[in-house]
Structures are given as structure tokens and as C-alpha cells.
Amino acid sequence: MIYVLSWFAVASLLGLWSLATWALNAVAVWSVSNAPELSGNALGLESIVLPDSLALWVPTELVHAVTQMVVGFGPLVDSLLQAAPALAGGLTVIAWMVWALGVVVLLLLGAALHLLIALWRRRGSGGSAPSGGPSLMMR
């Protein structure tokens, strides 16, 4: 019975692993496929200002330099976002590879648990006579 419970636990973990991998893959592919809609937003970064409580502590030259640096990266980010839909197929392949690796680890975990239970049960019998009755010794 304990073998069934241990393999049921492994199968449950395998189901959760599959569900989590599928969900994360779906979210990643959706976000990468919709990435071009996010491009062009770097132009509005110049209008972002620090809150008054932080503006007292941060030099204005530093704020200006960081803002210019972020705006300078805008075209690079836009070009990466335009190329992102091509990565969706690669994400699916990577997700399946990670899923397969997780399945192998879970199956190895189940086999190790099975072996540990077998060793525990063997040790629990203590090497005594079989449970069919008293041992017959011939003298």
C-alpha cells in the first residue's frame, strides 16, 4: 500500500509540473507574441519625474543622465520588441525540454523512493523467519 501512495504522490507532482509548465509557456508565448504592441512607448519617458520626496535627495544631473540613457536605449528596445514574435516557437521548444527534464527528475525521485521503501521494509523484518509460522530446523 505504501508503494501505491508513493507513486500516487509522484504522479500528482508530475501533473502539477505539467500544468505549471503549460501555463508558464502559454503566458510567455502570449507576451512575446504581443510584444510589438508595446513598442513606441519609450518616447514618453522624458515626461517621467521623480516624486518630490526623492527629488530632494537625488541630484538633477543624475536624473537627467539616467533619463537620457533610458531614452537612448528606446530604439534598441523597440527593435527587440519587433523581433520578439519570432522567439515564440523557440520558447515552446525550451518549455518542452524543461518539462522533459522535470519528468525525468520526478521519475528518478519515484524510483529512489520505491527503493528506499523496499529497503525500509526489508530492514523492518529484521531478517527473522518468514511469517508463515515458526521455522523448522532439522537437527
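Below is a short write-up of the structure.

Right, let's talk about the overall build of the protein chain for a bit. When you go through the protein chain residue by residue, the secondary structure sums to 5 helices and 0 strands. The order of helices and strands in the protein chain, counted from the N terminus, is α-α-α-α-α. Here the protein chain holds 139 residues, and the buried ones make up 14% of them. In the protein chain, the proportion of contacts linking residues at least 24 apart, taken out of those at least 6 apart, comes to 92%.

This structure, assessed with the given rule, holds 1 aromatic pair. Ring centres of tryptophan 96 and tryptophan 99 lie 5.4 Å apart, and the angle between their planes is 80 degrees; this geometry places the pair in the edge-to-face category. Linking tryptophan 96 with tryptophan 99, this pair stays in helix H5 (residues 88-125), spanning 3 residues, or about one helical turn. Given the relative accessible area of 25%, tryptophan 99 is considered partly exposed.

Together, Leu62, Val66, Met69, Val70, Phe73, Leu76, Val77 and Leu80 line one region of the surface with nonpolar side chains, adding up to about 710 Å² of accessible area. Ranked by the residues each element gives to the nonpolar patch, the list is headed by helix H3 (residues 60-72), at 4 residues.

Next up on the list: the packing of helix H1 (residues 2-33) against H5. The relative placement of two packed helices comes down to the angle between their axes together with the axis-to-axis distance. It is at 10 Å that the axes of H1 and H5 come closest, and there the two elements cross at 170 degrees. Relative to H5, the element H1 is oriented roughly antiparallel. In the packing of H1 onto H5, the handedness of the crossing is right-handed. In terms of residue class, the contact of H1 with H5 is built from 23 nonpolar, 9 polar and 1 charged.

Position of leucine 109 relative to the elements: it lies in helix H5. A relative accessible area of 44% places leucine 109 in the partly exposed class. Taking C-alpha positions, leucine 109 is 7.8 Å from valine 10, a pair spaced 99 residues apart along the chain.

Residue placement: threonine 21 occurs in helix H1. Leaving out residues up to four positions away in the same chain, threonine 21 has contacts with Ala95 and Trp99.

Residue placement: asparagine 25 occurs in helix H1. Those residues within four positions of asparagine 25 in sequence are excluded, and the remaining contacts are Leu91, Thr92 and Ala95.

Criteria and thresholds
Residues numbered from 1 in each chain as written. Predicted model: local features only at pLDDT ≥ 70, side-chain atom pairs only at ≥ 80, totals over all residues. Heavy atoms only, no water. Helix = DSSP H or I, 4+ residues; strand = E, 2+ residues; numbered from the N terminus. Buried < 20%, exposed > 50% of the residue type's maximum accessible area, 1.4 Å probe, protein only. Contact = heavy atoms within 4.5 Å. Phe/Tyr/Trp six-rings, centres within 6.5 Å; stacked < 30°, edge-to-face > 60°. Patch = residues over 30% accessible without salt bridge, like charges linked within 9 Å, V, L, I, M, F, W, Y side chains within 5 Å. Areas by Shrake-Rupley, 256 points an atom, 1.4 Å probe, with all protein chains shown as cover. Salt bridge = Lys/Arg side-chain N within 4 Å of Asp/Glu carboxyl O. Axes fitted to C-alpha atoms, helices over the stretch in contact; angles between N-to-C directions. Parallel < 35°, antiparallel > 145°, perpendicular 65-115°, else oblique. Left-handed = near helix turned anticlockwise from the far one by under 90°. Nonpolar A, V, L, I, M, F, W, Y, C, P; charged D, E, K, R; others polar.

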